[in-house]
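What follows is the residue order along each chain.
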Amino acid sequence: MSLLAAGLPVAAVPLVAGLLSSPVGVAHYLVVGAILFTAGVVCMALKRNALGVLMGIELVLNGANVNFVAFSSPYLRGEGAASLGLDGQIIALFVILLAAAEAAVALAITLNFYNNHATVDIDRAEDLKG
Amino acid sequence: MAQLIDDDPRIIEFDVRTDEMLVNMGPQHPSTHGVLRLVLRTDGEIVSEVEPHIGYLHRCAEKIGENLTARQWIPYTDRMDYLAAMNMNLGWSLAVEKLMQYQVSERARHLRVLIAEMGRIASHLVGMGAYGLDLGTFSPFLYAFREREKILDLFEEACGARLTYSYITVGGLTADLPPGWLRKCEEFLDQFEPVIQEYHALLTTNAIFVKRTAAIGVMSPELAIEYGCSGPVLRGSGVDQDMRRDGESIYTAMYDGYAFEVAVMKNGHYPRDHAYPPVPSDTVIGDCWHRFFVRMLEVVQSMDLVRQAIDRYSACKGPLGEPVKLTEKIPAGDAYLETECPKGQMGFYLVSDGSAIPWRVRARSSSFSNLAVTHELCRGCLIADVPAIVGSLDIVMGEIDR
Amino acid sequence: MMTTVLASVMPVAAINWHSVLFLLFAAVACACAVAVVLAENVVRMAFYLVLSLAATAGLFFLAGAEFVGAMQLMIYVGGTLVLLVFGVMLTAQAPFVAIKTSSSDRVLAGMVGAALLAVLLQAAFRVEPWRRPATAAVAAPAATPIGMALLGVRADEPAAGVPAAAVRSGYLLPFEIVSIHLLVVLVGAAYLARAKRRRTPRAIDVAASSVGPVVTARQAARSSASALVSGGGR
Amino acid sequence: MADFLINTVGLPEWLAWTITAFVAAALILNVIAGGALVFIWAERKIAARIQDRLGPTRTGGRFGWLQSLADGIKLLAKEDLMPEGADGMLFRLAPYISFCASFCAFIALPFAFDFVGQRLNVGVFFVVAVLGLEVFGVILAGYASASKWSLFGAMREAAQVVSYEVPLGMCVVVPVMLAGSMDLVTIAEKQAGWITNWYLFHDPFTFVIFWVYVTCAVASVNRAPFDLAEAESELVAGFHTEYSGLRWSFFFMAEYGSMFLVSALAALLFLGGWNGPIPVATLAGLSEGTGDTANYFVRLIGCGNLLLKATLGVLLMMWVRWTLPRLRIDQVMTTCLKYCTPIAAAMFAGAMLWQLAFPGGVVRGLSRPAGEIREGWLEGPGGLSPGRREPVPQVGAAGGMESQEVVQVVP
């Protein structure tokens, strides 16, 4: 927090103070979700380590999850705004479960790849190249 | 290179390609019994090779022996197997007596048996307790040391020392027992007998203990003989050999008239095994559990021998006899004698040129041979089995490095 | 129980603790997510990811989705990521711990990422104006309706302005599908990561002189295989 | 306390709440740290007595009361070493991660009806989930130490804890199912009354699953015979081989904190929580409507009850530790996959069927209408237990640091 304040111009301090004292809305969550999602996408694109790509996927899924939860939250909903109700939470749950399954399989594939190629560099996975 | 077939047991299954890793176990490691260094070549948790590195406790004992008279070297034998120093004293004394053709008095003979067997109990107690420690249970170790302390108290009363006794010496013993010692010794035995059941309950029959030791580090009789293993390690593989019965006459004569059965499995039974917990079904002869169990049996066997020795010693009315002079000349020639020490067959070899100081002194360490077999036993085991296997061999580094 | 009392504090509060905690968790989540991208060392990446996901779980708690938050901690952080770290350790040999990315790739990815972020942020701000939360008292979040919904019974109140019949369907079928899916994954992962036979050169050279090591080698291999399967099944 | 600050001292309300939250956090922290000190001393004495020794006898009087404090001072004064090849940041952070996980789980742990940091709707899962995070500290410590022994310890811990979470979760689900709530307070309240109401004696399946829970709990907090991550005879000291001084003591505190936590969880889930075997308070007419002081008194007794049960659980772990040898890693896995998990699954199914047949358990359930519990599910969080009381806001330990998390609704 203090780092954030120190890094920004003095004009930003009231903004932070405002954030501190004002309630949080859905948009706050959406911003966080957007950052997580983007970080995940960049991570997937950038990393050559297969496990790094996996981590990127996890981040993307989490960014989406944040949005689902935010839209379904009973606290954040605006007056009269449409809400996902419980569905958002349940979808988030399914995402978590499927992410676990995905990670298990992806890890198994990665380990297999590692066994066969002695590396986890996905740029070297070109056996099927025509 | 050997031809490989599909069910070749030497092919190790694996889940993930992992690099072989060299791990240093020791010389500063909680479970290597002193300053032993084991270099493990592991693949994950699976050990593919164990290489013992020794020599951290080398003190030139043999060379020193070539500069001292035979009796002067006795304290150096104490420091070989420091857990069973009495038996070390006895081994060297008998070897020298063999060359000198010296006959100790009857009283000294029985006293030697008494002391040596007490020493065996003390050593096996350490072996047993420390084995529990290797497997991760601490309490039996202290129970064992509690009883060992009582033996050490007795030894202290007899010779004034608790660890390095120099009590048995060339030509007899340095002193007779103090008055009342035998009564205390009998009291100890009476008190100790039921305690053994505790050890059986905590270790021998404990389900986890059996799981950790059964079928681990299985040593076939042939392998044991090939590597020159001896003592409980050899008998644990079912080889019926005990120097007290099969040794040279000067040594077996000491046990003349004593009734004891060698603790070895014959026809699927240990001697008097109705008195002990049954052998678990998942054990294999020659595994860690059997090596441990043989030690437990030998404790009882030694107690029996001590009781016999007490009777015979107190029946002996003759004098104990004086040990030989410190500077007694040894006749020219050489002699080699192996005795049954707690850890195995401990051999002493000396060559004399006729002076009081031996020309050459060598010791054949039982632990050394027993340790040599670790790389055979540990191949393909898990890391957790390495302490279990090394512990079951019950080595003592003072004897290996000398 | 403090909820009601605390709620009365809000209008005059100088510091909104909910906002403070939100900002704290959000900052940790975002900073660590960015750190995952920037880190070179794969173990540190995993570490940052753990922090990021744990902070996200904190956000879920703040949003009233306690069950999802607990599940995130339990399954995601406690299970999936441990598995991931396990995989990292299995493959973390010196040359692969840090696989470098070329700087041109970095620039390109940075630009694409920035563009994506801009779009997403714009969407985020447009979807919902910075609206004050509802003033009506909200029932304490409960896990029971979620469980009921998974069993096909909807116990929660319908969303405003939406016909009840349209949204109030249960999740029994997806739940069953996910169960089967997890089972399939369990089997599949165990199969993919199953023990394979390898000939170790060192074992070949030594003549088989005893029966002993055979037993132990078999046991050992079997055991560590099962260890891995258990990890893979999670 | 917050009310006191607001009304009597006249502080602004947000400040009062902040102070309250910090006081509550400090209380919990002290429970862990102080508890660890006591337990370390107790472990020394118990181990000594088991082993025919005396244990500490000099530091701080005849029974060595201050031994753990002396140890703590020694640890503070110790040189803080870090191996040359270590990953500095992770090496430094790892102990705190372990400790924080252990500490965080206490937030949702109720000590009495409202002696709870934050009453969470999903308290059970929260505690189990956060407890599972402790493994991260261990894994990172093992990796960052740049020592092979540490790495071995970390790998073992990772495999072990992840595996044991499965049967542990199943065991925990059974009381959740019986109570119809994941709220620890509700679960404990449902066991109020005589000892026969405890879920341990609910039906044969819960009795069995309690022991499965004990096994899994011991395994998940890495105590003997499952202490493979720090197996001293094999791995020197496992994951904390390279740690010394204060950082090492954080691992230690985390371990004792977790031990206490799983024991307290066992007490809450199976052993009636803060309810004694005999409903003394109810019999004495102290339960409801007798005023705040009486209520407070009842709660203090309940808190004592829970602490006693949890302590007994910890003592059981110590007893086991000083008696049994250590299992091997493959045997630990076998225990989990071939014994604990199937047994837990079977018992879960059994308890479920039993609940269908005789809802409410062996003793009191047979006479009760079958529909009661199922109807209770829909009434709201955790249903309504007969003995449920309204919370008393001024209890000091209530209100943890996180209590504001779910609060932003303006009335």
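Residues numbered from 1 in each chain as written. Chains lettered and ligands numbered in written order. Predicted model: local features only at pLDDT ≥ 70, side-chain atom pairs only at ≥ 80, totals over all residues. Heavy atoms only, no water.

**Student:** Account for the packing of aromatic side chains, with residues named and values stated.
**Tutor:** Following the criterion strictly, the structure yields 38 aromatic pairs over all chains and no others. Consider the rings of D:F99 and D:F250, whose centres lie 5.1 Å apart with planes at 80 degrees: the pair is edge-to-face. With a gap of 151 residues between them, D:F99 in helix 4 (residues 88-107) and D:F250 in helix 10 (residues 245-269) connect regions that are remote in the sequence. Through successive ring pairs, a cluster of aromatic residues spans D:F207, D:F210, D:W211, D:Y213 and D:F270. A cation over a ring is seen here: B:R148 above B:F145, with NZ or CZ 6.0 Å from the ring centre. (Phe/Tyr/Trp six-rings, centres within 6.5 Å; stacked < 30°, edge-to-face > 60°. Helix = DSSP H or I, 4+ residues; strand = E, 2+ residues; numbered from the N terminus. Lys NZ or Arg CZ within 6 Å of the ring centre and 35° of its normal.)

**Student:** Requested: an account of the pattern of salt bridges, with residues and values cited.
**Tutor:** Residues and elements named next belong to chain B. Scanning the model with the defined rule gives 39 salt bridges over all chains in all. With its nearest N and O atoms 3.0 Å apart, the salt bridge here joins E117 to R120. Taken as a pair, E117 and R120 lie in helix 4 (residues 106-134) at a separation of 3 residues, close to a single helical turn. The burial state of E117 is the same as that of R120; both residues are buried. The salt bridge partner of R235 is E298, with a shortest N-O separation of 2.4 Å. With R235 in helix 9 (residues 232-236) and E298 in helix 12 (residues 288-315), this residue pair connects regions lying 63 residues apart in the sequence. With relative accessibility at 0%, the residue R235 sits in the buried group. Salt bridges sharing partners connect three or more residues here, namely E117, R120, R235, D242, R244, E298 and E340. (Salt bridge = Lys/Arg side-chain N within 4 Å of Asp/Glu carboxyl O. Buried < 20%, exposed > 50% of the residue type's maximum accessible area, 1.4 Å probe, protein only.)

**Student:** Before we move on, can you summarise the sheet that holds strand 4 (residues 46-53) of chain B with the specific residues and values?
**Tutor:** In sheet architecture, strand pairing relies on hydrogen bonds along the backbone and comes in two forms, parallel and antiparallel. In spatial order, the strands read 2-3-4 (chain B); together these 3 strands make up an open sheet with antiparallel pairing. Of all strands in the sheet, those with a lone pairing partner are strand 2 (21-25) and strand 4 of chain B, marking the two edges. Looking at each pair of strands side by side, their axes are set apart by 25 degrees on average, direction ignored. Note that strand 2 of chain B and strand 3 (residues 37-43) of chain B share 5 bridges and pair antiparallel. Bridge assignment links B:V23 to a residue of strand 3 of chain B, and that residue is B:L40. Across the sheet, helix 15 (residues 385-393) of chain B touches strand 2, strand 3 and strand 4 of chain B, and the angle it forms with strand 3 of chain B is around 145 degrees. Lying on the sheet, helix 6 (residues 148-179) of chain D is in contact with strand 2 and strand 3 of chain B; it crosses strand 2 of chain B at an angle near 105 degrees. (Pairing = 2+ DSSP bridges. Axes fitted to C-alpha atoms, helices over the stretch in contact; angles between N-to-C directions. Contact = heavy atoms within 4.5 Å.)

**Student:** How would you sum up the confidence of the model for chain B? Please name residues and give values.
**Tutor:** Summary statistics for chain B give a mean pLDDT of 84 and a share of 95% for residues scoring 70 or more. Counted against residues more than four places away or in other chains, residues 1-12 of chain B, with its pLDDT under 50, gives 31 contacts. (pLDDT = per-residue confidence, 0-100.)

**Student:** Can you lay out the pairing of strand 8 (residues 344-352) of chain B for me, pointing to particular residues and giving the numbers?
**Tutor:** All names here are of chain B. When you tally the buried positions in strand 8, you get 8 out of 9 residues, the bulk of the element. The pairing of strand 7 (residues 333-341) with strand 8 spans 9 bridges and is antiparallel. In the sheet register, A335 faces strand 8, and the bridge partner there is L350. Following strand 7, the chain reverses through 2 residues before pairing antiparallel with strand 8.

**Student:** Tell me about the side chain of D:S244, and please be specific about residues and values.
**Tutor:** Residue and element names in this part refer to chain D. Within the secondary structure, S244 sits in the loop between helix 9 (232-235) and helix 10. Its relative accessible area of 12% is what places S244 among the buried residues. A polar contact is formed between the side chain of S244 and the backbone oxygen of E79, at a distance of 2.9 Å. Setting aside anything within four residues of it in sequence, one finds S244 in contact with E79, D80 and L81. (Polar contact = N/O pair within 3.5 Å; in protein donor to acceptor, adjacent residues only side chain to side chain.)

**Student:** Would you mind going over the nonpolar core in detail, with residue names and values included?
**Tutor:** Counting residues in each nonpolar core, the largest one holds 200 residues, and the members touching the most others are C:L73 and D:Y213. Examining the composition of this core, we find that 18 residues originate from one element, helix 4 (residues 66-91) of chain C, more than from any other. In this structure C:L73 touches C:A54, C:A57, C:F61, C:G78, D:F126, D:A129, D:V130 and D:L133, once residues within four positions along its chain are discounted. Judged by nonpolar contacts, the second largest core, of 128 residues, contains B:A61, B:Y131, B:L320 and B:C381. (Core = buried A, V, L, I, M, F, W, Y, C linked by side-chain atoms within 4.5 Å.)

**Student:** Describe unusual backbone geometry, naming the residues involved and giving the relevant values.
**Tutor:** Unlike most non-glycine residues, B:S166 shows phi in positive territory, near 50 degrees. Its place among the elements puts B:S166 in the loop between helix 5 (139-159) and strand 5 (168-169). Even without being a glycine, D:N222 presents a positive backbone phi close to 65 degrees. Looking at the secondary structure, you find D:N222 in the loop between helix 8 (204-220) and helix 9. Given the relative accessible area of 6%, D:N222 is considered buried.

**Student:** Give me the lowdown on the sheet that holds strand 7 of chain B, citing residues and values where you can.
**Tutor:** All names here are of chain B. Here 3 strands make up an open sheet; going across it, the order is 7-8-9 and the pairing antiparallel. Both edges of this open sheet fall to strand 7 and strand 9 (360-364), since each of them pairs with a single strand only. Between one strand and the next, the sheet's axes are offset by a mean angle of 10 degrees, whatever the strand orientation. Two strands pair when backbone bridges link them, and strand 8 and strand 9 are joined in this way by 5 bridges, in the antiparallel orientation. Opposite L350, over in strand 9, you have V361 as the bridge partner. Lying over the sheet, helix 3 (residues 85-100) contacts strand 7, strand 8 and strand 9, oriented at roughly 150 degrees with respect to strand 7.

**Student:** Hey, could you go over helix 4 of chain B for me, with residue numbers and the actual values?
**Tutor:** A rise of 1.5 Å per residue sets the reference length of helix 4 of chain B, with its 29 residues, at 42 Å; its end C-alpha atoms lie 42 Å apart and thus fit the reference within 8%. Burial of helix 4 of chain B is extensive: 27 of the 29 residues sit out of reach of the surface. (Expected span 1.5 Å × (residues − 1).)

**Student:** Quick rundown of helix 3 (residues 42-62) of chain C? Include the residues and the values.
**Tutor:** All names here are of chain C. End to end, helix 3 covers 30 Å across 21 residues, agreeing with the expected 30 Å (1.5 Å per residue, within 8%). Where burial is concerned, most of helix 3 is hidden: 18 out of the 21 residues are buried. Once helix 3 ends, the next one or two residues include G64, with phi positive near 90 degrees.

**Student:** Please provide a residue-by-residue account of the packing of helix 4 of chain C against helix 5 (residues 123-144) of chain D, values included.
**Tutor:** At a minimum axis separation of 9 Å, helix 4 of chain C and helix 5 of chain D run at an interaxial angle of 25 degrees. Compared by their axis directions, helix 4 of chain C and helix 5 of chain D come out roughly parallel. The crossing of helix 4 of chain C and helix 5 of chain D is left-handed. Of helix 5 of chain D, the residues touching helix 4 of chain C (which contributes C:F67, C:A70, C:M71, C:L73, C:M74, C:V77, C:G78, C:L81, C:V82, C:V85 and C:M89) are D:F125, D:F126, D:V128, D:A129, D:V130, D:L133, D:V135, D:F136, D:I139 and D:Y143. Among the residues forming the contact of helix 4 of chain C with helix 5 of chain D, the class breakdown is 20 nonpolar, 1 polar and no charged. (Parallel < 35°, antiparallel > 145°, perpendicular 65-115°, else oblique. Left-handed = near helix turned anticlockwise from the far one by under 90°. Nonpolar A, V, L, I, M, F, W, Y, C, P; charged D, E, K, R; others polar.)

**Student:** Lay out the packing of helix 5 of chain D against helix 10 of chain D in plain terms, naming residues and giving numbers.
**Tutor:** Residue and element names in this part refer to chain D. Between helix 5 and helix 10, the shortest axis-to-axis distance is 11 Å and the interhelical angle comes to 160 degrees. Classified by the angle between their axes, helix 5 and helix 10 sit roughly antiparallel to one another. In this structure, helix 5 crosses over helix 10, and the sense of that crossing is left-handed. Contacts between helix 5 and helix 10 involve V124, V127, V128, L131, E134, G137 and A141 on the former and, on the latter, F251, A254, E255, S258, L261, V262, L265 and L269.

**Student:** Residue-level account of the environment of B:G347, with values.
**Tutor:** Following the sequence through the fold, B:G347 ends up in strand 8. If sequence neighbours within four positions are ignored, B:G347 has contacts with B:Y336, B:L337, B:E338, B:R362, B:A363 and B:R364.

**Student:** Hey, could you go over the environment of B:C185 for me, with residue numbers and the actual values?
**Tutor:** All names here are of chain B. Mapping C185 onto the fold places it in helix 6 (residues 181-204). What makes C185 buried here is its relative accessible area of 0%. The spacing of C185 and T164 is 21 residues in sequence and 20 Å in space, taken between C-alpha atoms. For C185, the residues in contact, after removing those within four places along its chain, are L114, M118, L154, V306 and I310.

**Student:** Report on the confidence of the model for chain C, specifying residues and quantitative values.
**Tutor:** All names here are of chain C. Residue-level pLDDT values for chain C average 67, and 56% of them are 70 or greater. Scored below 50 in pLDDT, residues 1-13 makes 32 contacts in the model with residues more than four places away or belonging to other chains. Across residues 199-234 the pLDDT falls below 50, and counting only partners more than four positions away or on other chains, this stretch makes 79 contacts in the model. Model confidence for the complex is summarised by a pTM of 0.78, with the ipTM given as 0.75.

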